[in-house]
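# Structural overview
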Amino acid sequence: MSLPAVHHDPSLPERVTIYEVGARDGLQNESGVIPLATKREFVQRLTVAGLPVVEATSFVHPKWVPQLADAADLVAALDLHGPTPYPVLVPNERGLDRALEAGVTHVAIFGSATETFASKNLNSTYEDQFAMFEPVVRRALDAGVKVRAYLSMCFGDPWEGEVALDRVVTAGERLLGMGAYELSLGDTIGVGTAHHVEALLDAFGEAGVGVDRLAMHFHDTYGQALANTYAALRHGVTTFDASAGGLGGCPYAKSATGNLATEDLVWMLDGLGIAHGVDLPALAQTSVWMAEQLGCPSPSAVVRALTAG
Ligand code: HMG
Ligand code: MG
């Protein structure tokens, strides 16, 4: 297998954490329902390939996301106390109850920077979402469970258009203020470009939120995810969400397509000489296997290049 030549720039981070979302963000968007055994094997293969965090599923309403209705069964099949955390999404106290019953150690709440997406994704107003999350975070922390926060539509919204930087910062600060250890900034529909990323990170910095509390969550709808990742790396961000093979989207934002492919990210990090701990051949083989299960080829350029012929 070919590898990129390494040219390290000492001003870039030495190491990044890849937060793998394929089993959740990827599979939530599949039209068919994937068998539990396939999901379990997917998560296990991702773990063996060295992904340091593997988001597993969501404890959302099964009618809203039927693809992940088997969340409790999947979690029951995972080693929740091994070295790899398996976070799950929880939108509300009902979701948290289910997740705690299943024994999870990490949860993620997911807010919206815009009114319309709060309504479409959470059946909530922008304001009410915070009241919904507050007891979730408090009770999770009381139970010794770590809480991450996502914020969607940080770079644009399909119904509302441009989203002002200060609106994103205000929403993000409120989620972090509840006690989330990290805020993942979602470009849900992939419309962001590199200077927008820099401007948003600057705006958070001016508000006193450093890059150590931030992660980036890019969807690759317009092919900008790697350029945006590079811009964020230059700003010192060290956690990036990505999805094996580029699976993904959001069932409540039809213009959302797959996430940044983990393989594409790994290839770039390898060339930049930035450590990540992931076994690229094992990961690419996993994505090829998953593509066979789903019956459609991976959109990742690196998966295609590495496994061609
Ligand atoms: P709702 O219908 O308003 O819920 O949905 P409700 O509170 O009115 O309750 C209605 C019924 O649902 C009740 O049952 C509840 O118990 C039950 P009843 O008393 O009628 O028998 N219920 C639940 N059951 C199971 N699990 C639950 C749950 N909650 C209520 N958690 C809700 C509100 C938030 C639940 C719904 O809107 C929902 O599930 N939304 C999730 C949508 C979703 O998962 N979207 C994709 C993830 S976000 C994303 O992909 C973006 C991200 O990747 C970042 C980015 O790219 O930007 C993270
Ligand atoms: Mg997403």
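Please refer to the structure higher up on the page.
Residues numbered from 1 in each chain as written. Chains lettered and ligands numbered in written order. Predicted model: local features only at pLDDT ≥ 70, side-chain atom pairs only at ≥ 80, totals over all residues. Heavy atoms only, no water.

## Concerning the site of ligand 1
Neighbouring ligand 1 are 26 residues, the closest being His61, Asn92, Asn123, Ser152 and Thr188. At a separation of 2.8 Å, an oxygen atom of ligand 1 approaches a polar side-chain atom of Gln28. Asn123 places a side-chain nitrogen or oxygen 2.7 Å from an oxygen atom of ligand 1. The dominant element in the shell around ligand 1, judged by the number of residues it contributes, is helix α4 (residues 93-102), at three residues. Considered class by class, the residues forming the shell around ligand 1 number eleven nonpolar, eleven polar and four charged. (Near = heavy atom within 4 Å. Polar contact = N/O pair within 3.5 Å; in protein donor to acceptor, adjacent residues only side chain to side chain. Helix = DSSP H or I, 4+ residues; strand = E, 2+ residues; numbered from the N terminus. Nonpolar A, V, L, I, M, F, W, Y, C, P; charged D, E, K, R; others polar.)

## Here's the deal with the coordination of the magnesium ion (ligand 2)
Around the magnesium ion (ligand 2), the protein contributes the donor atoms Asp25 (OD), His217 (NE2) and His219 (NE2), which lie 2.1 to 2.3 Å from the metal centre. The sequence pattern describing where the donors of the magnesium ion (ligand 2) fall on their chain is D-x191-H-x1-H. Remark: His217 occurs in strand β8 (residues 214-218) and Asp25 occurs in helix α1 (residues 22-26); sequence separation between them is 192 residues. What makes Asp25 buried here is its relative accessible area of 2%. (Donors = N, O, S within 2.8 Å, 3.2 Å for Na, K, Ca; no water. Buried < 20%, exposed > 50% of the residue type's maximum accessible area, 1.4 Å probe, protein only.)

## A short note on the sheet that holds strand β4 (residues 88-89)
The nine strands are arranged β2-β1-β9-β8-β7-β6-β5-β4-β3 in an open sheet whose pairing can be described as parallel. For this open sheet the edge positions go to β2 (53-54) and β3 (57-58), each flanked by a neighbour on one side alone. When strand β5 (residues 106-112) meets strand β6 (residues 146-152), the two strands line up parallel, connected through seven bridges. The residue of β6 that forms the bridge with Phe110 is Tyr150. (Pairing = 2+ DSSP bridges.)

## Some words on the pairing of strand β1 (residues 17-20)
Looking down a regular strand, the side chains alternate between one sheet face and the other. By the bridge criterion, four bridges tie β1 to strand β9 (residues 239-242) in an arrangement that is parallel. Its bridge partner lying in β9, Thr17 is registered against Thr239. Of the pairings in the sheet, the one linking β1 to β2 comprises two bridges and is parallel in character. Directly across from Glu20, in β2, lies its bridge partner Val54.

## Brief notes about the nonpolar core
Buried together is how nonpolar side chains tend to be arranged in soluble globular proteins. Ranked by internal contacts, the top residues of the largest apolar core, which has 95 residues, are Val107 and Met216. Each residue touching Val107, except ones within four places of it in the same chain, is listed here: Val88, Val90, Leu96, Ala99, Ala140, Val145, Lys146, Val147 and Arg148. (Core = buried A, V, L, I, M, F, W, Y, C linked by side-chain atoms within 4.5 Å. Contact = heavy atoms within 4.5 Å.)

## Some remarks on the packing of helix α5 (residues 115-122) against helix α6 (residues 126-142)
Across the interface, α5 lies against α6 with an axial gap of 8 Å and an inter-helix angle of 50 degrees. The angle between the axes of α5 and α6 places the two elements in the oblique class. Taking contact as the criterion, the partners of Glu115, Ala118 and Leu122 in α5 are, on α6, Tyr126, Gln129, Met132 and Phe133. Within the contact of α5 with α6, the residues separate by chemical class into five nonpolar, one polar and one charged. (Axes fitted to C-alpha atoms, helices over the stretch in contact; angles between N-to-C directions. Parallel < 35°, antiparallel > 145°, perpendicular 65-115°, else oblique.)

## Structural notes on the environment of Val21
Its place among the elements puts Val21 in the loop between β1 and α1. Spatially, the C-alpha atom of Val21 lies 22 Å from that of Val168, the residues being 147 residues apart in sequence. When neighbours within four sequence positions are excluded, Val21 is seen to be in contact with Gly26, Glu55, Tyr150, His217, Asp241, Ala242, Ser243 and Asn259.

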